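Structural description and commentary
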Amino acid sequence: MEQFPSRALTLGAGGVVGTAWMAGLAAGLRQHGIDLAAADLIVGTSAGAIVGAVLASGRDPGELAEPRQPAPSDPQLPAPDPRALGRVFAVLGDSETAPELRRRRVGEIALEMSAEHDAVHVERMRTLIGTAQWPDRLLVVAVDASSGQRRVFDQCDGAALPDAVVASRAMPGVYPPMTIGDRRFMDGGMYSATNADLAAGAELLVTIHPLAHLFSTAALDAELQSARPGESLVITPDQRSIDAFGSDLHDRAHWIPSFRAGFVHADAEATRLQRIWPTAQ
């Protein structure tokens, strides 16, 4: 991996619907000759870690047009816990508390969830992303549930790719934190929705932010200022896409509409990207 990549791609958090939407967007852009997988560096957070792993490993994002259906023999996993989610959002919304302390408190809630089904989550993720091998240009972001500190996984860490991606998307209250080594890790979006600062020094930085409509732009602006790319472009969902997401970011019933909305939205974004992202010949 180059120390200062020419083209960097950061893929943000977005739940189930954000995963589908970014996959649809990437598939649609390929129809215009724009291959996001050509980035020299891909930073994936939560949903972005899933799509980033698919792109960096050379898979066609169009293969994610429909959600994976569990096999009849798959064990039944616990449903999301609305009460735990409510506690998580209450902590995250407490602006009087320092961010790291908020993350530690969210981590305490996350650690109440059982690690009993870690192996099931890993196997399902391995099937979804289609590989267990680390691409050399992929960074996957998670948060240590005990310390609240950001952890960036790459091919040199010794963690298997599916494990790191499961950790990155482990939204407290929805999925349990993932055990890697002697630590448990939760959703990388608990630190930042995009973690765009990890692409520091890129000549070109493209950030895809599925949850931009739910967050202030200040956090991303600060990260882009920290990264100081030569040029940057931010892709956010249009109203059609937001409508396709529905009210529950983790509702798998909205996977196909979200994928299709991302695919259609690629038509508008291709016009902007063709100026700065070389197209396939």
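For the structure itself, consult the block above.
Description of the structure in this document. What you are looking at is a predicted structure, and each value in this text was computed from that prediction instead of being measured.

1. Concerning the layout of surface pockets
A probe as big as a water molecule, rolled over the atoms, marks out the empty space that is left. Of the volumes computed, that of the largest pocket is approximately 1000 Å³. If you trace the largest pocket, you find 36 residues lining it, with Phe89, Leu92, Gly189, Met190 and Phe215 closest to the centre. Of all the secondary structure elements, the ones that give two or more residues to the lining of the largest pocket are helix 3 (82–92), helix 4 (99–110), helix 7 (218–227) and helix 8 (239–245). Here the element with the most residues in the lining of the largest pocket is helix 7; it accounts for four residues. Counted as a void, the second largest pocket has a volume near 730 Å³. Lining the second largest pocket are 27 residues; nearest its centre among them are Leu77, Arg124, Arg169, Tyr175 and Arg252. Of all the secondary structure elements, the ones that give two or more residues to the lining of the second largest pocket are helix 1 (15–31), helix 2 (47–56) and helix 5 (118–129). The element that contributes the greatest number of residues to the lining of the second largest pocket is helix 5, accounting for four residues.

2. Some remarks on the environment of Glu108
Mapping Glu108 onto the fold places it in helix 4. Exposure remark for Glu108: the relative accessible area of 54% places this residue in the exposed category. Distance from Glu108 to Pro172, taken between C-alpha atoms, is 9.5 Å for residues 64 residues apart in sequence.

3. Some thoughts on unusual backbone geometry
Even without a glycine there, the phi angle at Ser46 is positive, about 60°. Tracing the chain through its elements places Ser46 in the loop between strand 2 (41–45) and helix 2. Even without a glycine there, the phi angle at Arg228 is positive, about 50°. In this structure, Arg228 sits in the loop between helix 7 and strand 8 (231–235). Taking relative accessible area as the criterion, Arg228 reaches 60% and is therefore assigned exposed.

Basis of the calculations
Residues numbered from 1 in each chain as written. Predicted model: local features only at pLDDT ≥ 70, side-chain atom pairs only at ≥ 80, totals over all residues. Heavy atoms only, no water. 1 Å grid on protein atoms, 1.4 Å probe; cavity = no way out; pocket = protein on both sides within 12 Å on 5 of 7 lines; lining within 4 Å. Points joined across faces, edges and corners; volume = space filled by probe spheres on them. Helix = DSSP H or I, 4+ residues; strand = E, 2+ residues; numbered from the N terminus. Buried < 20%, exposed > 50% of the residue type's maximum accessible area, 1.4 Å probe, protein only.

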